[in-house]
Amino acid sequence: MRNWIVVLLLVSLVTVWGCQPADKTTDDTETDTQDAQQELRVAVAAPITGSAAAFGDMIKKGALLKEKEINDAGGINGMKLTLLFRDDAGKGSEASLVAERIANDNTILAVVGHFNSACSLAGQSIYDRVGIVELSPGSTAVNVCEGSKWTFRNLYRDDFQGKFIAQYIDNVLTELESVAVFFDNDDYGRGLRNAFVAEIENTELKLVASEAYERDTTNFKAQLTSIKAKKPDAIFISGLYTEAGLIVKQAREAGITSQFFGADGIDNADFLTTAGTKAAAGTYITTPFLFGADDVKAQEMASNFENLHGVPPDTWAALTYDAVGMIAEALEKTYKPEASIEDKRSAIREHLAAIDTPEKGYNGITGLTYFDHNGDTVDKPAYVKIVKDGKFVAADKQLTGKN
Amino acid sequence: MWAQILEQLINGLVLGGIYALIAVGYTMVYGIIQLINFAHGEIYMFGAYIALMLIAVGTPFWIALPLSMLLCAILGMFIDFIAYKPLRNAPRLSALITAIGISLALQNLARMIWSARPRQFPSEVLPSFFLSEVTETGKVINAVPLPGGGILPFRDVFIFLLAVVLMIVLNMLIYLTKIGKAMRACAQNQVASNLMGIKTNQVIAATFAIGSALGAVAGIMVGLSEVVTPTMGYYKGVAAFAAAVLGGIGSISGAIVGGIVIGIAEVFGADIHSGYRIAFAYIIMILVILIRPSGIFGKATSKRA
């Protein structure tokens, strides 16, 4: 009898241990509030685990590089910047819990994140209530910033991205006439699909099929067979890299030869490993940022990143690097040690909200960032990449046009 | 039109074969100890990961497959020994809650060991006939060409045939061998079987071992065509559980038929409205249970105490 009680205890221990967020080590520092006097704490909320974990990994690495650079250069007005990583697993339900914990931690001054649109939306009302800035380096759903004075983002919205993709297929890939959409049935996938489909009406393209899937699905044969029957020239996948990789792989197996097109949710190297380089070859995707070969600032960041982490950075690492930079700049200009936590937090918000013209814009590696009255970024372009020789490279033809 | 229906039917059969393999594990355990073993989906997931690890260290596929089955059989028996055996005479709810706890523990254990990032079987080390493709010249390699331009990969044929063969072997085991006879006896009346000299705990352990080994095969098959993640057991596990209930939980033929029905319902459901793909499978299940509450093959007897 006693034996199995011990075993059961062990099992429950493993369960509890396993349920702990991956950022256990940073949690421990939370208790010593004395340190908080000399250091400035900013939370980075991202999908560290779950099916979007590869994004979280890059976000964390990008944020760590900026943190290191700032602290190596003497910190912010002599104070050390400390980033606290919080895992939302890419799910809205987890994000609300994480947001609640961040908002109620009186040592945290601002939030960089969340990444997934569903997570940013779930966190929004909580951050609003408490009054803390949420600066997303990855959420593109249209309504992420709407109705909230505390939410900002440093990249374009999906209404622009969806339109851009339809325009690119219509104007650049002129041999393609009919398109099908295969979308992830969540805030991001649905919103992007709607924008894409709305723009199709204004082009010469013909929409022949629109199919949905649920996140974490791994078998897409049924939907792909339906899509195949409509013989689309191009298939636009409005979703994230894991599912997209499997879709492309299974589509090629099912004998689908259509041109694949994806959006920034696919902009991760794991897409290529999941799909297999042969099946993925020729896939086009949109992205909010390209590491231009003649862009000195971006190349310098890329080499520092590789020195620190041993892998090249991606789009999300770059956008997070800039988001942390923006918060650091706000802290540098507004932080008063004697002020109350509410005032410290709202001073950051005032600073960001005041960045509303190109002249006042934050000049990061991903370009000039400034906000409209919603907190949405104005005037940042989209770029197109293509899979070539097992890598994402800039497409030969870029479409100019800003949001 | 017909080409599309044929292709969907094949998709449904392959998926159904996998569901059947998993559902058998649920139904066998339920048949003997009236426990819904929620940890079964996790054993299926471990089967995939164990094979993946074995292959990663250079084990050939044909050795990794049975070895993973063996290790999962041991894992299944181990779970029974530490978690369910002590609760054999406890209220059924205690065992059910323990099963959910074991399921969560195993899922998180997998996340700690292998991380949440999806993994795939490295294609270089798999038997070559698993790697089907259509070349640029339209030549079909390692697959059966279908009317309508699609292909049926040999891998999927293999998955379905393996499922069928394993089901036949399982039925022979249950109806033609001594241990099978003991299992059937235990399912009928455990106390009486025990009185007749059947070592019921050994029979139950054997049931867990067989169910888990079949689950491992299903896990590896899914890993071959899809991806391996710590949560893979949950998604396929729930569908397979529905299959077991639909077929009549406790009945092995029921689990097989239920698996195929759920697989085909899901695929054609996706054809009608892709957003409700899995919902169609459950609607079929609910309809069947409304008409026959004990499932297709379930016996409409009163519940044993």
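Keep in mind the model is a prediction, meaning the values are calculated, not measured.

## Overview of the packing of helix 9 (residues 232–247) of chain B against helix 11 (residues 277–291) of chain B
What describes two packed helices is the angle between their axes and the distance between those same axes.
All names here are of chain B.
(1) Moving on: The interhelical angle for the contact between helix 9 and helix 11, taken along N-to-C directions, is 20°, at an axis separation of 9 Å. It follows that helix 9 is roughly parallel to helix 11 by the angle criterion. Judged by the twist between their axes, the crossing of helix 9 over helix 11 is left-handed. In this structure, helix 9 contributes Ala239, Ala242, Val245 and Leu246 to the contact, and helix 11 contributes Ile278, Ala281, Tyr282, Met285, Val288 and Ile289.
(2) Moving on: Tallied by class, residues from the contact of helix 9 with helix 11 come to ten nonpolar, no polar and no charged.

## Re the confidence of the model for chain B
All names here are of chain B.
(1) Moving on: With 97% of its residues at a pLDDT of 70 or more, chain B has an overall mean of 89.
(2) Moving on: Averaged pLDDT values for the elements of chain B fall to 71 in strand 1 (residues 133–134) and rise to 96 in helix 3 (residues 61–84).
(3) Moving on: Across the predicted assembly, pTM comes out at 0.86 and ipTM at 0.86.

## A closer look at the sheet that holds strand 5 (residues 151–153) of chain A
Residues and elements named next belong to chain A.
(1) Moving on: Pairing is parallel across the open sheet formed by five strands, whose spatial order is 2-1-3-4-5. One side of each edge strand has no neighbouring strand; the edge strands of this open sheet are strand 2 (80–87) and strand 5. With direction set aside, neighbouring strand axes in the sheet form an average angle of 25°.
(2) Moving on: Summarising the sheet, strand 1 (residues 39–46) and strand 2 pair through eight bridges and their orientation is parallel. Across the sheet, Arg41 pairs through a bridge with Thr82, a residue of strand 2.
(3) Moving on: Docked against the sheet, helix 5 (residues 117–130) engages strand 1, strand 3 (108–112), strand 4 (134–136) and strand 5, running at close to 160° with respect to strand 4.
(4) Moving on: The sheet contacts of helix 13 (residues 315–334) involve strand 1, strand 2, strand 3 and strand 4, and relative to strand 3 the element is tilted by about 150°.

Analysis parameters
Each chain has its residues counted from 1, running along the sequence as written. A letter from A marks each chain and a number from 1 marks each ligand, given out in the order of writing. With the structure being a predicted model, the display of local features is reserved for residues of pLDDT at least 70 and the display and counting of side-chain atom pairs for 80 or more, all residues being used for whole-chain, interface and lining totals. Axis definition: a line fitted to C-alpha atoms, limited for helices to the stretch in contact. Angles are taken between N-to-C directions and run from 0 to 180 degrees. Only DSSP runs of H or I covering at least 4 residues are called helices, and only runs of E covering at least 2 are called strands; the numbering of each starts at the N terminus. Convention used here: angles under 35 degrees read as roughly parallel, angles over 145 as roughly antiparallel, angles from 65 to 115 as roughly perpendicular, and any remaining angle as oblique. In a left-handed crossing the near helix is turned counterclockwise from the far helix by less than a right angle, and in a right-handed crossing that turn is clockwise. Any two residues are considered in contact once their C-beta atoms, placed from the backbone, lie within 7 Å. Three classes are used: nonpolar for Ala, Val, Leu, Ile, Met, Phe, Trp, Tyr, Cys and Pro, charged for Asp, Glu, Lys and Arg, and polar for all others, with Gly counted as polar. A residue's pLDDT is the confidence the predictor assigns to it, expressed on a 0 to 100 scale. Here, any two strands with at least 2 DSSP bridges between them count as paired.

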